[in-house]
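# Remarks on the overall topology
Each chain, letter by letter, is given below.
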Amino acid sequence: MLQTFTILLFCIRMSLGMTSIVIDPQPELWIESNYPQAPWENITLWCRSPSQLSSKFLLLKDKTQMTWIHPSHKTFQVSFLLGALTESNAGLYRCCYWKETGWSKPSKILELEAPGQLPKPIFWIQAETPPLPGCNVNILCHGWLQDLVFMLFKEGYAEPVDYQVPTGTMAIFSIDNLTPEDEGVYICRTHIQMLPTLWSEPSNPLKLVVAGLYPKPTLTAHPGPIMAPGESLNLRCQGPIYGMTFALMRVEDLEKSFYHKKTIKNEAYFFFRSLKIQDTGHYLCFYYDGSYRGSLLSDVLKIWVTDTFPKTWLLARPSPVVQMGQNVSLRCRGPVDGVGLALYKKGEDKPLQFLDATSIDDNTSFILNNVTYSDTGIYSCHYLLTWKTSIRMPSHNIVELMIVDKPPKPSLSAWPSTVFKLGKAITLQCRVSHPVLEFSLEWEERETFQKFSEDGDFIISNVDGKGTGTYSCSYRIETQPNIWSHRSEPLKLMGPAGYLTWNYILNEAIRLSLLMQLVALLLVVLWIRWKCRRLRIREAWLLGTAQGVTMLFIVTALLCCGLCNGVLTEETEIVMPTPKPELWAETNFPLAPWKNLTLWCRSPTGSTKEFVLLKDGTGWIATRPATEQVRAAFPLGALTQSHVGSYHCHSWEEMAVSEPSEALELVGTDILPKPVISASLPIRGKELQIRCKGWLAGMGFALYKEGKKEPVQQLGAVGREAFFTIKRMEDKDEGNYSCRTHTEKRPFKWSEPSEPLELVIKEFYPKPTLLAQPGPVVFPGKNVTLRCQGNFQGMRFALLQEGAQVPLQFQSASGNSADFLLHTVGAEDSGNYSCIYYETTMSNRGSYLSMPLMIWVTDTFPKPWLFAEPSSVVPMGQNVTLWCQGPVHGVGYILHKEGGATSMQLWGSTSNDGVFPITNMSAASMGRYSCCYHPDWTSSIKIQPSNTLELIVTGLLPKPSLLAQPGPMVAPGENVTLQCQGELPDSTFVLLKKGTQEPLEQQKPSGYRADFWMPAVRGEDSGIYSCVYYLDSAPFAASYHSDSLEIWVTDKPPKPYLSAWPSTMFKLGKDITLQCRGPLPGVEFVLEHDGEEAPQQFSEDGDFVINNVEGKGIGNYSCSYRLQAYPDIWSEPSDPLELVGAAGPLAQECTVGNIVRSTLIVVVVVALGVVLAVEWKKWPRLRTRGSEADGRDQTIALEECNQEEEPGTPTNSGSSSSQRISMELPVPI
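Given the structure is predicted, the values throughout are model-derived calculations rather than measurements.

This part takes up the overall build of the protein chain. For the protein chain, the helix and strand inventory stands at 5 helices and 86 strands. Every one of the 1229 residues in the protein chain was classed for burial, and the buried ones make up 40%. Considering only contacts within the protein chain whose residues lie at least 6 apart along the sequence, 64% involve residues at least 24 apart. For the protein chain, the exposed area adds up to about 66300 Å²; of that, 55% sits on carbon and sulfur atoms.

Structure (structure tokens):
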């Protein structure tokens, strides 16, 4: 595939014997005249830029005379009027356009001769290169005039070999699948369609020579294709013919990396004395003779220039857990081609097996036959080089091979919990880290119970209490379907039987408690009434008792309500919005406009169930079911002041609510509702429609412009909306517009003006949209259609390819879109495409360029990249987003989890990213993930998966510790070791860095600690690090994150921060504490005072106490620190901090204000003491008088009580009653 791509690139861009083929884009020059009536009376020359807008154009005649045009706005093309063709204006013409870097290269020469003769056409090959056999060649003939007939002649043939009638000034003659028989001399002539006797002169002859007739050479690298930077390399190109010129080129940069050598031998050496990273790439060579007849291209040779080999990855098939006596294949792959591979086992010095570079393909693996317990261990693979180089070998990923009689036990978990709830089921999840054929669930209480599942999920219900008990699970793998694994750890499910749950019991108890308290309150009231009549107990005590009981009931009821709410609360569903509906008003205008007002709401979707009307954004007015027309009526009746406000409506579906409609504002009976105004983008010289939407039918509409009192346009009753038309937008039409509605009959009733709409003319049309059908990825040899969708009709469309000098195709369309067909695409058609549209009038105003669309011509989709954000190591319960990212736009994605039965799909992505959010991270979400493209069209293009992403869940094991040796601050170029200490042996440790999505490194030491060595650190190694670890039995269930450790890579520690406590101003007799704080631990601080040469104080905690004896404490202070590991290196000083205050111990801070405030406080305290003393002396008399008054009040109250209870009993005097009460109830008052 790569070689074919290179040959096709060579067919288009390569010129033998030239080191650069950069062609400056040339403008196009042509003639327009009124053929055939008066062909020489009115001559106009047109100059068009190939791919960009320009502000200046220049016309040159005979290399001396110049005419330039500066149009009012940037455009693609301009015209130069010559008038009648005479002897004076005959000659050689060219044109240029202005670029950002200066004037462009001139156009091809147009020769105007005397009247009666058509201009001689010009003739050239598009790529200006001797093409290879099998290539497609385009021969271009430019005739200078529109609508000519172009004839192609070949030497030796009397008749034309081809002819064309293009719509422009240029014809393209294509010769497909070039052969040696197509060699020869060609010319081109033109004539007018309606005057076939009027011919142009023949063009200059063009000789077509077919290259690539010699056999292809061989290209080899010495000492090898993989070298380190700074080493030397020889590339040898050898062919079968002596005395040729050899050329070498790199595919990634054909224009700059072109080398050639002429030798008397049949080979040439291309020597690279000191390789650079930029020299990495795909190389090929060819040779040619003195007539530039060349050979075929050699096979592509990949050269790697790197200081560290890319990592290899190793995968065990079918699984890293193997049954004894079975076979297992270890597949080792890496990105470097042409290098052998070796398989190593931990603990052994020599490789176990080798794979030669020539024998490696997609199906080659290391095979371990009839494995035993001795084959258990950790395996890795390395590159195998046959030449010497200084390239460092990196750490490689490993595979731990386990040989067992039975597969290891899985893990069993319950979701959402292990306790049954009312009417809810529990899902048991059986999980294992490698592919499984089938899972089995066993129930210990029932020996005959067994369930099977392919994904490991089992749903358990608790009907009649038959779901509780102890469960375990096992599995079997595909290679050994008759052998089941060890059982998982048992898991117990708990809960009451049937529907009698604890929630139900608690709810019933609460209801019974409320009923009992009501009865108790009633009994207390009856008891009080009985006591008042019989025993005559004091009324105050009875009322206090009643109040206490009532308060107790209220508090208990509130607590019970809270418990009920807490128990009965259910989970709420998430409601997603649907498209917003339309709201309008109907009434019987103009007879009785406000007598019978009805608001209507209509939904754009057919699945709406009901509608809701709201007022002022919050108040619910009514709910109505949807009719067959998917609308509902809300009658308001006669409009009153209570109806004034802003209304909008929602539509409801089964599980969704719509966005609110546009607001309808009712402002009273004298003013109509305010309309809504909108318009499309205004373009200079184009028609514009302004839409005014009212709320009532049968209204008139008026359009106003700011600065004018009268309406600029008025329309009669045309429904609930009207469209005002501006035929041709000019500068005078810019401004702010608003619209109003009114009744049809006089006297008019007007609405409020709409919100203002500002119209500003744009110089360019809006950019179009470019789409590929059936898709942007095309199989070689197939067709693809590029549709350019604009906003206006009757435009001319142009298709452009990035890097091309002229538009590929032009089309005039009656509609607002054009289809460009790319026929039988090849690798040279890959690239970014864009399109524009422009007017066909003299102004030639065009649109902005569309967004580029990448077209891939390949038999295999490019490989996407999968990563996690914010990291692939996620704490339990947190959210994580998996991004599948690739260069192809507009294609769906599939996310696949290793061992998962289903995949997540994302269809029709408009960007080059696929987003897969995972919320509430749990053990069920951890594992290995990969993704791939999923096109929504039928194609034979192969799809390859992305890289494998391991999603690790943290928070399941104890937290490790992380230390830096020799310290957290290190100078650039030095080494540092990060030590991660765990609490469980034989664990795998993972080093993480904040801001990095993937783990930096993984290690599996034999003890409790892993040492992550960072050699020759640089500035980008600074950052915040942490680590986690996990066990081999649960490779994705990791520990808590260690405490963060910040590493500083710098020659000088960062400056600290200095602050003062309690403030920076000295107070009388008080000291100030200066606090110096830095970002690094284990340091010693020093404080410096301006004006003193020696440091003021040293401190390990950064606190310095400053006093102001004799005024020596005021001034500017700064601090710095040094690390104990580097006592000679001091940090930068902190920002200065100034301490202020009066000098000496005699400084008085008690100002006049302080003295006044202190005096007022003393006066208030003394006055309060006097008042309390006077009241205390009066207290015994007040207490005696109060007791006597209370006795009399209580006596009167009890007498009234007796009168109410015994209406027939005669009333006695106050004294007798008091005596009787004293005798019957001797209770002291």
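Let us look at the pairing of strand 49 (residues 688-693). Consecutive residues of a regular strand have side chains that alternate between opposite faces of the sheet. Direction of pairing for strand 48 (residues 676-679) relative to strand 49: antiparallel, over a ladder of 4 bridges. The residue bridging S678 from the neighbouring strand is R691, located in strand 49. Judged from the 6 bridges that link them, strand 49 and strand 52 (residues 721-726) form a sheet pairing that is antiparallel. Residue pairing in the sheet places Q689 in a bridge with T725 of strand 52.

Now for the state of the cysteines. Put plainly, two cysteines are in a disulfide when a covalent bond ties their sulfur atoms together. Enumeration according to the criterion identifies 11 disulfides in this entry. The partner cysteine of C332 in its disulfide is C381, sulfur to sulfur 1.7 Å. Judged by the sign of its S-S torsion, about 65°, the bond between C332 and C381 is right-handed. Separated by 49 residues along the polypeptide, C332 in strand 26 (residues 328-333) and C381 in strand 30 (residues 377-384) bring together distant segments of the chain. Classification of C332 as buried rests on a relative accessible area of 0%. Its relative accessible area of 0% is what places C381 among the buried residues. Residue C788 pairs covalently with C835 via a disulfide, S to S 2.1 Å. Handedness here is read from the sign of the S-S torsion; for C788 and C835, about 80°, the answer is right-handed.

Looking now at the sheet that holds strand 62 (residues 853-857). Reading across from one edge, 56-62-61-58-59 is the order of the 5 strands in this open sheet, with mixed pairing throughout. A single partner strand is all that each edge strand has here, and the edge strands are strand 56 (777-778) and strand 59 (809-812). Pairing of strand 56 with strand 62 involves 2 bridges; the strand directions are parallel. Paired with V778 across the two strands is V857, which belongs to strand 62.

Turning our eyes to something else, we now look at the sheet that holds strand 31 (residues 399-404). If you trace the 5 strands from one edge of the open sheet to the other, you get 25-31-30-27-28, paired in mixed fashion. Every other strand in the sheet has two partners, leaving strand 25 (321-323) and strand 28 (353-355) as the edge strands with one partner each. Looking at each pair of strands side by side, their axes are set apart by 30° on average, direction ignored. In this structure, strand 30 lies alongside strand 31, joined through 3 bridges in antiparallel fashion.

Looking at the element boundaries, E87 is found in the loop between strand 5 (77-83) and strand 6 (91-99). A relative accessible area of 65% means that E87 is categorised as exposed. Remark: the alpha-carbon pair of E87 and L112, spanning 25 residues in sequence, is separated by 9.5 Å.

Moving on, we come to the side chain of T427. As for its position among the elements, T427 is in strand 33 (residues 426-431). By relative accessible area, T427 is classed as buried at 18%. Beyond its immediate chain neighbours, meaning those up to four positions away, T427 contacts S413, A414, W415, D457, F458 and I459.

Here we take up the pattern of salt bridges. On inspection of all chains with the given rule, the structure shows 23 salt bridges. One salt bridge in this structure joins K693 and E662, with 3.6 Å as the shortest N-O distance. Placement of K693 in strand 49 and of E662 in the loop between strand 46 (656-658) and strand 47 (664-666) is noted, with a sequence separation of 31 residues between them. Note that R1009 and D1011 form a salt bridge whose closest N and O atoms lie 3.1 Å from each other. Through salt bridges with shared partners, a single ionic network connects E898, R928 and E950.

The next subject is the packing of aromatic side chains. Scanning the model with the defined rule gives 16 aromatic pairs in all. Centre to centre, the rings of F1085 and Y1121 are 5.9 Å apart; their planes meet at 55°, and the pair counts as tilted. Taken as a pair, F1085 in strand 81 (residues 1083-1089) and Y1121 in strand 84 (residues 1115-1123) lie far apart in primary sequence, 36 residues in all. You can call F1085 buried: its relative accessible area is 5%. Through pairs of rings, three or more aromatic residues link up here, namely Y259, F272 and Y283. The ring of W98 has K56 sitting right over it, with the charged end atom 4.4 Å from the ring centre. In this structure, K261 packs its charged tip against the face of F270, placed 5.7 Å from the ring centre.

Cis geometry is adopted by the peptide bond preceding P774, which originates at Q773 and carries an omega value of 10°. Along the chain, P774 falls in the loop between strand 55 (769-773) and strand 56. One non-glycine residue with positive phi stands out, namely N370, at about 50°. For N370, the position within the fold is in the loop between strand 29 (366-368) and strand 30. Positive phi, close to 50°, is recorded for T824, a residue that is not glycine. The residue T824 is located in the loop between strand 60 (817-822) and strand 61 (831-838) in this model. T824 gets classed as partly exposed once you look at its relative accessible area, which sits at 41%.

A word on the confidence of the model for the protein chain. Mean pLDDT over the protein chain stands at 76; residues scoring 70 or higher make up 76%. Mean pLDDT across the elements of the protein chain bottoms out in helix 5 (residues 1214-1224) (38) and peaks in strand 18 (residues 233-238) (92). Within the model, the stretch residues 497-501 combines pLDDT values under 50 with 11 contacts to residues more than four positions away or in other chains. Across residues 1182-1229, confidence stays below pLDDT 50; counting only partners more than four residues off in sequence or on other chains, it has 23 contacts.

On the secondary structure map, S453 appears in strand 35 (residues 446-453). One polar contact links the side chain of S453 to the main-chain carbonyl oxygen of D457, over a distance of 3.4 Å. The residues contacting S453, other than those within four sequence positions of it, are E438, F439 and F458.

What follows deals with the pairing of strand 71 (residues 961-965). Taking every second residue as pointing to the same face, the buried face of strand 71 carries L962 and A964, while none of S961, L963 and Q965 on the other face is buried. With 5 bridges joining them, strand 71 and strand 73 (residues 976-981) adopt antiparallel strand pairing. By the bridge assignment for strand 73, L962 is matched with C980.

With that settled, the discussion passes to the environment of T376. Counting through the fold element by element, T376 comes out in the loop between strand 29 and strand 30. Sequence separation between T376 and V322 is 54 residues; the distance between their C-alpha atoms is 9.4 Å. Once residues within four sequence positions are removed from consideration, T376 is found in contact with K345, L401, M402 and I403.

Here we take up the environment of A1010. In this fold, A1010 is placed in strand 76 (residues 1009-1014). We classify A1010 as buried; its relative accessible area is 0%. Aside from chain neighbours lying at most four places away, what touches A1010 is L978, Q979, C980, F989, Q1003 and P1005.

Basis of the calculations
Residues numbered from 1 in each chain as written. Predicted model: local features only at pLDDT ≥ 70, side-chain atom pairs only at ≥ 80, totals over all residues. Heavy atoms only, no water. Helix = DSSP H or I, 4+ residues; strand = E, 2+ residues; numbered from the N terminus. Buried < 20%, exposed > 50% of the residue type's maximum accessible area, 1.4 Å probe, protein only. Contact = heavy atoms within 4.5 Å. Areas by Shrake-Rupley, 256 points an atom, 1.4 Å probe, with all protein chains shown as cover. Pairing = 2+ DSSP bridges. Disulfide = S-S within 2.5 Å. Axes fitted to C-alpha atoms, helices over the stretch in contact; angles between N-to-C directions. Salt bridge = Lys/Arg side-chain N within 4 Å of Asp/Glu carboxyl O. Phe/Tyr/Trp six-rings, centres within 6.5 Å; stacked < 30°, edge-to-face > 60°. Lys NZ or Arg CZ within 6 Å of the ring centre and 35° of its normal. pLDDT = per-residue confidence, 0-100. Polar contact = N/O pair within 3.5 Å; in protein donor to acceptor, adjacent residues only side chain to side chain.

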